[in-house]
Amino acid sequence: AREFVKIRPRGEVGRRNRAAGFNSELAPAPQSRSPIRTSVIATAVALVLLAAPGVPFVSSILRPPPEIPTPSNLDKLEPQLRAYILEKAQWVRESPREMHRHATLGIVYAANSLWPEARAAFTNAARLNPREPLALMFIGVATFELGDIPDATRLFRQLTARFPDFAPGFYRLGETLLRAG
């Protein structure tokens, strides 16, 4: 048995509806959804909206943590340096979504001229926090040190366009253009 709700038309609208043959006295009652179905739908909509590309924090939580770069020639490094790199890599593994830990690991690699690993660590840092210009700048520095001048120039141009108040980006762009000739 269906329930009906009594609707009382007001003024001119009600008269027009009756003239058109609409019986406004008896209309079907609105169907209600179960609370579980409503909460599932609301949760799904919230996750879709929060995981949008414009919300990096939430989308980074939903994605797996970035892979931590380690040198392929780790056994050929001096024992003290190898131990320090392994210690820092373990430190990053303890909080793999923390941008500053990946950036610190990148600096350790850069200080020891392990540029491919440094670029990978800085790329991880930039993905975890795309609003941090330092990580983007160090990706460009590592790219430059790897000898890819055109790509480094492109990265520094993107950095200065995206962060026009970040003076070190302009310095690095100028230095790269001077060295490129």
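Everything discussed here concerns the structure shown above.
Report on the accompanying structure. Computed from a predicted model, the values in this text were never measured in an experiment.

### Observations regarding the nonpolar core
Counting 34 residues, the largest nonpolar core has L77, I85, Y109, W115, A118, F156 and L159 as its most contacted members. Among the secondary structure elements, those contributing two or more residues to this core are α4 (79-94), α5 (99-111), α6 (115-128), α7 (133-145) and α8 (149-162). For this core, the leading source of residues is α6, giving seven residues. In this structure Y109 touches P69, T70, P71, I85, L114, E117, A118 and A121, once residues within four positions along its chain are discounted.

### Concerning unusual backbone geometry
Of note in the backbone geometry, S113 takes a positive phi value of approximately 55 degrees without being a glycine. With respect to the element layout, S113 can be found in the loop between α5 and α6.

### Section: the packing of aromatic side chains
According to the stated counting rule, one finds one aromatic pair in the structure shown. Arranged with centres 5.1 Å apart and planes meeting at 20 degrees, the rings of F122 and F138 form a pair that is stacked. Here F138 lies in helix α7 and F122 lies in helix α6, a separation of 16 residues in the sequence. Residue F122 is classed as buried on the basis of its relative accessible area of 1%. Note on F138: relative accessible area 24%, which makes it partly exposed. Cation over ring: K88 sits above W91, and NZ or CZ is 4.8 Å from the ring centre.

### Notes on the packing of α7 against α8
Where α7 contacts α8, the two axes come as close as 8 Å, and the packing angle between them is 165 degrees. Taken together, α7 and α8 sit at an angle that is classed as roughly antiparallel. By crossing handedness, the relation of α7 to α8 is classed as left-handed. Note on element contacts: α8 touches α7 through I149, D151, A152, L155, F156, L159 and R162, opposite P133, L136, M137, I139, G140, V141, T143 and F144.

### Structural notes on the environment of A120
As for its placement among the helices and strands, A120 is situated in helix α6. Put simply, A120 and I139 are 19 residues apart on the chain and 8.0 Å apart in space, counted from C-alpha to C-alpha.

### Some remarks on the environment of E117
Position of E117 relative to the elements: it lies in helix α6. Judged by its relative accessible area of 13%, E117 is buried. When neighbours within four sequence positions are excluded, E117 is seen to be in contact with P69, T70, P71, S72 and Y109.

How each quantity is defined
Residues numbered from 1 in each chain as written. Predicted model: local features only at pLDDT ≥ 70, side-chain atom pairs only at ≥ 80, totals over all residues. Heavy atoms only, no water. Core = buried A, V, L, I, M, F, W, Y, C linked by side-chain atoms within 4.5 Å. Buried < 20%, exposed > 50% of the residue type's maximum accessible area, 1.4 Å probe, protein only. Helix = DSSP H or I, 4+ residues; strand = E, 2+ residues; numbered from the N terminus. Contact = heavy atoms within 4.5 Å. Phe/Tyr/Trp six-rings, centres within 6.5 Å; stacked < 30°, edge-to-face > 60°. Lys NZ or Arg CZ within 6 Å of the ring centre and 35° of its normal. Axes fitted to C-alpha atoms, helices over the stretch in contact; angles between N-to-C directions. Parallel < 35°, antiparallel > 145°, perpendicular 65-115°, else oblique. Left-handed = near helix turned anticlockwise from the far one by under 90°.

Bear in mind that shape data such as this cannot, by itself, settle questions of function.
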